[in-house]
Amino acid sequence: MIETPSLVDQYCHGVFRTELGLGTFETQLGRGGGPPAPGTTFFDTQTGFAVRRLCPPLLGLDAHCPPASYLARRRDLGVLESGRRLLRGSGITTYLVDTGLPGDLTGPGEMAAAGDAEAREIVRLELLAEQVADTSGTADAFLANLAESVHAAAAGAVAFTSVAGVRHPLALTPCPPGPGEVRGAARRWLGDRPVGGRLADPVLLRHLLWVAVASGLPLQLHAGAGDPRAHFGDFARATEGLGTDLVLLHGYPYHRSAAHLAALFPHVYADLGPALVRTGARAAAVLAEILELAPFGKLLFSSGAHGLPELHVVGAHLFREALERVLGAWVAEGAWSLADARRVAGLLAAGNARRVYGLPEAPEPSDRREL
Amino acid sequence: MIETPSLVDQYCHGVFRTELGLGTFETQLGRGGGPPAPGTTFFDTQTGFAVRRLCPPLLGLDAHCPPASYLARRRDLGVLESGRRLLRGSGITTYLVDTGLPGDLTGPGEMAAAGDAEAREIVRLELLAEQVADTSGTADAFLANLAESVHAAAAGAVAFTSVAGVRHPLALTPCPPGPGEVRGAARRWLGDRPVGGRLADPVLLRHLLWVAVASGLPLQLHAGAGDPRAHFGDFARATEGLGTDLVLLHGYPYHRSAAHLAALFPHVYADLGPALVRTGARAAAVLAEILELAPFGKLLFSSGAHGLPELHVVGAHLFREALERVLGAWVAEGAWSLADARRVAGLLAAGNARRVYGLPEAPEPSDRREL
Amino acid sequence: MIETPSLVDQYCHGVFRTELGLGTFETQLGRGGGPPAPGTTFFDTQTGFAVRRLCPPLLGLDAHCPPASYLARRRDLGVLESGRRLLRGSGITTYLVDTGLPGDLTGPGEMAAAGDAEAREIVRLELLAEQVADTSGTADAFLANLAESVHAAAAGAVAFTSVAGVRHPLALTPCPPGPGEVRGAARRWLGDRPVGGRLADPVLLRHLLWVAVASGLPLQLHAGAGDPRAHFGDFARATEGLGTDLVLLHGYPYHRSAAHLAALFPHVYADLGPALVRTGARAAAVLAEILELAPFGKLLFSSGAHGLPELHVVGAHLFREALERVLGAWVAEGAWSLADARRVAGLLAAGNARRVYGLPEAPEPSDRREL
């Protein structure tokens, strides 16, 4: 009844280029990056159950087959072919790919080719700054190169993304730091920094956010622990009317507060994805909560997937199922009209992302290529 | 199966006396007071969809008709007649009206006449203090006049309401400020203040809350951002046993914490309303969450409506539908008895409010007048 | 379809040994320990309605009978016999009993006998320290005796439990205090302390937690007000890899954050119980929320019951009903396989608790005794 033929995944990562053993695969289903507790497995999670339901059929196996059988089949097909089958089975027609995480991950071009889809790049600000630092001799050179790199990135990418608020809460202090403060922080950081060292200085993180805001490109902000209204509220107020959109990522379990911010500020948007991938059989319930307060023009589908094409599949399928179930029920009980439900489904699946990121209308499948 | 013939709206505002254009009407459906984001509309919200479902039939149109058709019909009828039809279609039999917001809004008398209902006044403490300040020459005169005004207001109103916690978190410091501290703060505020200047001084806000607590009239407290247990917990503990009830307003998305406070403290109550108006098709789900922890004698219906009689309609209809659905399901599955469900419905709809605010039992419709 | 023949109640208290009047009984249904608000009753809560639904049939009365009839029947049977009937009707086969609350409550041995079940002790750290203080003359003696008592308790009990985070937020500072700091705090506390005085010193509470962590016995931590990720996050990080499991108790309404912590840290577990006892007809909805993010090997059933055997009954029945409803629906819609659902039900009901606390597999009913 409610269909979403086109899906823009507004935030995801690439997939591993190499074969994965059962243990490595399982770790990707967990949240902490480490091994599961003794006597437990990350396959016993909503994500694990959703992968076992949705992915085996795409590789010719029965839903809910044992993990070992699935991994064996995946190895038989090879990482490339299984990735192609999974990504093409996801229904995603455009991938916006954050290229800022380490690991042997496919880039936008490979995602587009494997998935027969469009793909565009999202630039991670902290990695950009760390790369600039690796090649800049002085604080002044660093700051000049940084400005130039952000400017150059803005020309090619669809969005910036930042984990500044996760690395240091003061990064979201709602005004840009002064030039002297920035130069001093840059000097200290460059002085202490080993090659490849991570950026966690609050002044430089803050500077980075404001340089990105000045670029006008949408800025995706990763939520830290706690209520995004407490963390992002002042930053949102300070950036209102500057012409740059903010997209809040990963709000769960504070997705209602993220939706509330999207209702309060015209330039604030909220994403839908990882809350669905991680909650599996509960995806419809979580989606319904996000749909309480946010204006329907302010919500964007994403998978948030990283490493496993299975997570792109799960994100996309759970989103479509949840949308069908939630909006379908509201239509059935007369709360929404069918026409409104279809229109809102299109906005969440692709329309809002196309508008916010300036993407072209969905091309015919035969025209797809990396933009 | 579960009926609520009498509804006491324990917290709302009046409606605009003047005709509204489409843009002004739409702004009232948003949360931030400003315009919607480019390419979006506040009609694409749960509130917007609920207005389009519930209000057109009261004006002789089809549910879900386009906003422009609805606004045209509203103009044809005139603001007075459309207001009468809407308010009388809401099923609300008593309005408790916060008269403390600016704008050309109807007062309790007009609400009673338009809605064929009772109406009583809720006095907003900050406005009262600002009005007293406008006519007081010295700090001592201000404080004496303030005490007298609060006392006089308490004689005529059913409750005080305050946004002190929103204006300054320290306003909820759990003890009254000392007399010298209050006098000093009054002197500073009056000295700096332009005519009509807003009260945001934490000492004076705190003083105001404790003067109100001393009056014995129920005190309605607007939630700020964040968990009400963190904000109000200490204030609730400090005011326990003093004989004054506290009613927490606008808890969403922290309505479960507000309900928790209502369970912990005998003098704390929680309202139901705006969470329902703002969440539309999700009102039953949100109501069910509030009903988890709060004793059923501690919850009060409200619409929280402001400006548009459509919001009174939506608040009342969504509440009744949600109650029927939630309690009806519990009866159907055997969790509650039907008799209990009907009794609890009556408490939430009107009984608790009548008890807390000392309102008379529901009179026959022909006897209604402003009290 | 989904059965849980064996239930390990991983956190509860004993029941009152003496007869209770209606007022005392009612107080146990509330949350604050005091009387209900004028004109209200704690029977008008989800817990009250659940007690009235589930307990009268176990004593030969109709479900939903009036409280006075139920209490009369309870008195006729006597506190011992009614307790036996209720506990044996709960379906709980193992009780883990926190013996650290005051009042004339049954201990593990009596719970086992009355309930025809196993029972083991949970030792409350703060009470242990207070008891040691009562019999220790000097700070050095106190600290030595404390270490010995914790060591001795660890040999007989299945777990420690602590309310340190509730008594003082700094108790969760994520590193053990230094020896000098501890000795100074002990000296000050013992110097000021009346016999029976409560431990609320943050340094000693912290010391106590780290002594318990060193014992290797699972440590159950009571949530204070607010998000457990904010409170426990750093403590969890600091204790990762030390070999001691942490079990978060009483997370509601932050149960999703508690579940999130259980997903992030291999040694962190979350309990299910009181959120269900307190939410009655909503238990399935709350359980479903907890099942969103937590790995299914990290959740443990408990009743959290205290004083009234009715609360053990309600906790167990609501848990089993909620499990049947939530997992049954996921199986019915194809999200989970039936085999997985049955396996997960067994983990939540008993399997995870047996693994974490090192309990033997469920014995045959005829073999039950206090261990």
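Our subject is the structure listed above.
Worth saying up front: this structure is predicted, and the values here are computed from it rather than measured. (Residues numbered from 1 in each chain as written. Chains lettered and ligands numbered in written order. Predicted model: local features only at pLDDT ≥ 70, side-chain atom pairs only at ≥ 80, totals over all residues. Heavy atoms only, no water.)

**Description of the sheet that holds strand β6 (residues 246-249) of chain A**
Residues and elements named next belong to chain A. Going by this rule: The pairing criterion for strands is at least two bridges between them, as found by DSSP. Each helix is a run of H or I in the DSSP string that is no shorter than four residues. Each strand is a run of E no shorter than two, and both are numbered from the N terminus. The contact criterion used throughout is that any non-hydrogen atoms of two residues lie within 4.5 Å. Note on geometry: axes are lines fitted to C-alpha atoms, helical ones only across the stretch in contact, with angles between N-to-C directions running from 0 to 180 degrees.
An order of β1-β2-β3-β4-β5-β6-β7-β8 is seen for the eight strands of this open sheet, with the pairing classed as parallel. Each edge of the sheet is formed by a strand with only one pairing partner; in this case those strands are β1 (7-12) and β8 (299-300). Bridge count between strand β3 (residues 118-124) and strand β4 (residues 159-162): three bridges; the pairing is parallel. Bridge assignment links Ile122 to a residue of β4, and that residue is Ala159. On the sheet, helix α10 (residues 202-215) packs against β4 and β5 (219-222) and is oriented at approximately 150° with respect to β5.

**Some words on the side chain of C:Arg278**
Rule in force here: Two N or O atoms count as a polar contact when they lie within 3.5 Å, although within protein this holds only if one can serve as hydrogen donor and the other as acceptor, and sequence-adjacent residues are included solely when both atoms are side-chain atoms.
Within the secondary structure, C:Arg278 is located in the loop between α13 (273-277) and α14 (283-293). Engagement of the side chain of C:Arg278 in a polar contact is seen with the backbone oxygen of C:Leu29, the distance being 3.1 Å.

**Some thoughts on the sheet that holds strand β5 (residues 219-222) of chain C**
Residue and element names in this part refer to chain C. Read across the open sheet, the eight strands follow the order β1-β2-β3-β4-β5-β6-β7-β8; overall the sheet is parallel. Two strands close off the open sheet at either side, each with one partner strand: β1 (7-12) and β8 (299-300). Sheet strands in contact with helix α15 (residues 309-332) are β1 and β2 (92-98), and its direction is about 130° off that of β1.

**Quick notes on the relation of the copies chain B and chain C**
To keep things clear, this is the line we draw: The copies were overlaid with a least-squares fit restricted to C-alpha atoms from residues scoring a pLDDT of at least 70 in each copy.
Superposition of chain B onto chain C requires a rotation of 120° combined with a translation of 0.0 Å along the rotation axis, giving an RMSD of 0.0 Å. When the rotation and shift are considered jointly, the pair of chain copies conforms to a three-fold rotation axis. Different-surface contact between copies: only 7% of interface residues of chain B are shared with the interface of chain C.

**Considerations on the pattern of salt bridges**
The condition is simple: Any carboxyl oxygen of Asp or Glu that lies within 4 Å of a side-chain nitrogen of Lys or Arg is treated as forming a salt bridge with it. Here the term buried applies to any residue with accessible area under 20% of the maximum for its type, exposed to any over 50%, and partly exposed to those in between, with areas from a 1.4 Å probe on protein chains only.
Taken as a whole and judged by the stated rule, the model has 57 salt bridges over all chains. The residue C:Arg74 makes a salt bridge to C:Glu310 at a minimum N-O spacing of 2.7 Å. One end of the pair, C:Arg74, is in helix α3 (residues 67-77); the other, C:Glu310, is in helix α15, with 236 residues separating them in the sequence. An identical accessibility class is assigned to C:Arg74 and C:Glu310; each is buried. The network of salt bridges with common partners includes A:Asp44, A:Arg52, C:Asp340 and C:Arg343.

**What to know about the pairing of strand β3 (residues 118-124) of chain B**
On a regular strand, one side chain projects to one face of the sheet and the next to the other, so that they alternate. Residue and element names in this part refer to chain B. Quick reminder of the rule: By convention a crossover is right-handed if, when the strands point away from the viewer, the path from the first strand over the helix to the second runs clockwise.
Counting buried positions along β3 yields six of seven residues, so the element is predominantly enclosed. Where strand β2 (residues 92-98) lies against β3, five bridges are found, and the strand directions are parallel. Looking at β3, one finds that Asp98 is bridged to Ile122. With respect to chirality, the unit in which β2 leads through helix α5 (residues 108-115) into the neighbouring parallel β3 is right-handed.

**Quick notes on the relation of the copies chain C and chain A**
Superposing chain C onto chain A requires a rotation of 120° together with a translation of 0.0 Å along the rotation axis, leaving an RMSD of 0.0 Å. Counting the interface residues of chain C, we find that no more than 7% of their copies in chain A are interface residues as well, pointing to two distinct contact surfaces.

**Remarks on empty space enclosed by the protein**
In plain terms, the rule: Note on definitions: the grid is 1 Å and covers protein atoms alone; a cavity is a set of points where a 1.4 Å probe fits but cannot get out; a pocket is an open set with protein on both sides within 12 Å along at least five of seven lines; lining residues have an atom within 4 Å of a point. Grid points are joined across faces, edges and corners, and a volume is the space filled by probe spheres set on the points. Residue classes follow a fixed rule: Ala, Val, Leu, Ile, Met, Phe, Trp, Tyr, Cys and Pro count as nonpolar, while Asp, Glu, Lys and Arg count as charged, and any other residue, Gly among them, counts as polar.
For the structure shown, the criterion picks out eleven cavities of 30 Å³ or more. By volume, the largest cavity amounts to about 300 Å³. What lines the largest cavity is a set of 17 residues, and nearest its centre among them are A:Pro253, B:Pro253, B:Tyr254, C:Pro253 and C:Tyr254. For the lining of the largest cavity, the secondary structure elements donating two or more residues are α12 (255-264) of chain A, α12 (255-264) of chain B together with α12 (255-264) of chain C. Class assignment of the residues belonging to the lining of the largest cavity gives a composition of six nonpolar, six polar and five charged.

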